[in-house]
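What follows is each chain in one-letter form.
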Amino acid sequence: MTAANSDPATALLHDPSTYRAGPPFAELARLRRERGVVWVDEPGLDGGPPGPGYWLVLRHADVERVLRDSTTFSSALGGTQIRDPASADDLSYVRRMMLNMDPPEHSRLRRLLSKSFTPRAVAALNDRIAGHAAGLVDRMLGDGVRGTCDFAKDVAADLPLFTLAEVLGVPAQDRWLLYDWSNRVIGWQDADYATSAAFDAAGGTELARRALALRPAPDADGRMPDPRGRAGMPDLYGYAHLLAEHKRRTPGADTDIMAILLSQLDGPDGAVSVEEFENLFWLFAVAGNETLRNGIPGGLIALLTHPEQQRALRAEPELLPGAVEEMLRWWTPVMVFRRTATAAVDVSGVRISAGEKVVVSFLAANRDETVFPDPDSFDVRRAPGRHLVFGHGPHFCLGAVAARTQMRSLLGALLARTSWLEPASEPALLRSNFQRGVKRLPLTWHR
């Protein structure tokens, strides 16, 4: 990297505090137009050591290329998070997660998971999603004609938890464990989330209480262990291990997708080991939660800040499927993802060396004017286009269909049961350079 590749604006992009006021879209647009790929220095954050820096890829076509070419841009070589694992042992461990695998290891687990999403299981899940969404709106509205709530936590956070509990076979009363786990992983840069403890063990199962006993305590500085490794999330792994043991002892008793996965004993891909199940549980509990948990309130923020679009969607409810795609594009919950170059390669005229970190910006790609005309506007009539919210290539999100179903079900029920929605006050956004998170969204609704 040479000084000519750096730009002062990239410090804003890396600083997690930037995103509490919203992403710096003007700087992203300028860098995307002028350069396409920029070098970002990596100072230490929140007590961690500095990193070597990384290349940030901003253009839609280049992001697709990086995500599609797992041979040149590896998920396994250094993991998929910007910051490097702290040790060789930590890197070895994160490589056991499907998110941090390359083919053929990744392909094997993906095939097993794909076979677990049977048409019958998916149809049953969709029916339950619709029921949960209607129930959450009922709970929010009660018997009133007008009211307020924190939509982000009281409504939007709960639907993914219900859905994940269905997928994972987790008892509904334990679902807020998933909330705490995802907070600790995704919100490690935000003091409100890093030590999340919303789950009340008194209302959970014995399984939950046994796992919760393993939960680490904050250190003298109030920091939790690195949540990417097994040592940082012993309660999650303990719960997953106990759950897998239960499902293996009672084959056929459960019909959730993870039970189907564990029952696959034959075929060229073999069986899923308990360790593989634990890592898949981590992936679903965290990654399966956060995109939607922030995508739903992000979509509602789009409607609240564009009242003419809310009116249009209320007048033409059939626009909802396309509007959901536009909400996802406009908000873009997961802002970046990392790969590592396995060989020297040119991207948009920039020479990237083997071993250097390559971070794709979904946030910038989803506002690339060469793909999305007038990209900063929010338009419920926009053709869906090729947004990259769920990724691209071998790692395209397996939960994309369920995520879309949840957004359509919840926002459809909310719009059908109210006459108007407006902000009660400003939302509180997550301090993170990874997840565009909504911590609080005060909402006023009218029947």
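Refer to the structure above for everything that follows.
Not measured: the values here are computed from a predicted model.

Let's talk about the sheet that holds strand 9 (residues 420–423)
Pairing is antiparallel in the open sheet, where three strands are placed in the order 4-12-9. With one partner strand each, in any of the chains shown, strand 4 (146–150) and strand 9 form the two edges of the open sheet. Averaged over all pairs of adjacent strands, the angle between their axes in this sheet comes to 25°, without regard to strand direction. Pairing of strand 9 with strand 12 (residues 442–446) involves four bridges; the strand directions are antiparallel. Bridge pairing in strand 12 places L421 opposite W445. Sheet contacts for helix 14 (residues 274–305): strand 9 and strand 12; angle to strand 9, the most-contacted strand, approximately 95°.

Digging into the sheet that holds strand 3 (residues 73–74)
The mixed open sheet is built from five strands, whose spatial order is 1-2-8-5-3. Edge positions in the sheet fall to strand 1 (37–40) and strand 3, since each has one partner strand and no second. In this fold helix 3 (residues 60–68) packs onto strand 2 (54–57), strand 3, strand 5 (336–341) and strand 8 (357–361), with an angle of close to 130° to the strand it touches most, strand 8.

Description of helix 8 (residues 158–168)
By the criterion of burial, helix 8 is predominantly enclosed, with 10 of the 11 residues buried. Backbone geometry just after helix 8 places G169 at a positive phi near 75°.

Details of the packing of aromatic side chains
To describe a pair of aromatic rings, you give the distance between the ring centres and the angle between the ring planes. Tallied over the full model, the rule gives 11 aromatic pairs. Taking 5.8 Å as the distance between ring centres and 80° as the angle between the ring planes, the aromatic pair formed by Y93 and Y237 counts as edge-to-face. With a gap of 144 residues between them, Y93 in helix 4 (residues 88–94) and Y237 in helix 12 (residues 234–249) connect regions that are remote in the sequence. Exposure class is identical for Y93 and Y237. Each is buried. Arranged with centres 6.0 Å apart and planes meeting at 35°, the rings of Y239 and F281 form a pair that is tilted. Of this pair, Y239 sits in helix 12 while F281 is found in helix 14, placing the two residues 42 residues apart along the sequence. Across the pair, exposure class does not vary: Y239 and F281 are buried alike.

Regarding unusual backbone geometry
Along the chain, P103 connects to P104 via a cis peptide bond; the corresponding omega equals 10°. Among the secondary structure elements, P104 is positioned in the loop between helix 4 and helix 5 (105–116). The backbone of D374 sits at a positive phi, close to 45°, despite the residue not being glycine. Residue placement: D374 occurs in the loop between helix 17 (362–365) and helix 18 (400–417).

Conventions we followed
- Residues numbered from 1 in each chain as written.
- Predicted model: local features only at pLDDT ≥ 70, side-chain atom pairs only at ≥ 80, totals over all residues.
- Heavy atoms only, no water.
- Pairing = 2+ DSSP bridges.
- Helix = DSSP H or I, 4+ residues; strand = E, 2+ residues; numbered from the N terminus.
- Axes fitted to C-alpha atoms, helices over the stretch in contact; angles between N-to-C directions.
- Contact = heavy atoms within 4.5 Å.
- Buried < 20%, exposed > 50% of the residue type's maximum accessible area, 1.4 Å probe, protein only.
- Phe/Tyr/Trp six-rings, centres within 6.5 Å; stacked < 30°, edge-to-face > 60°.

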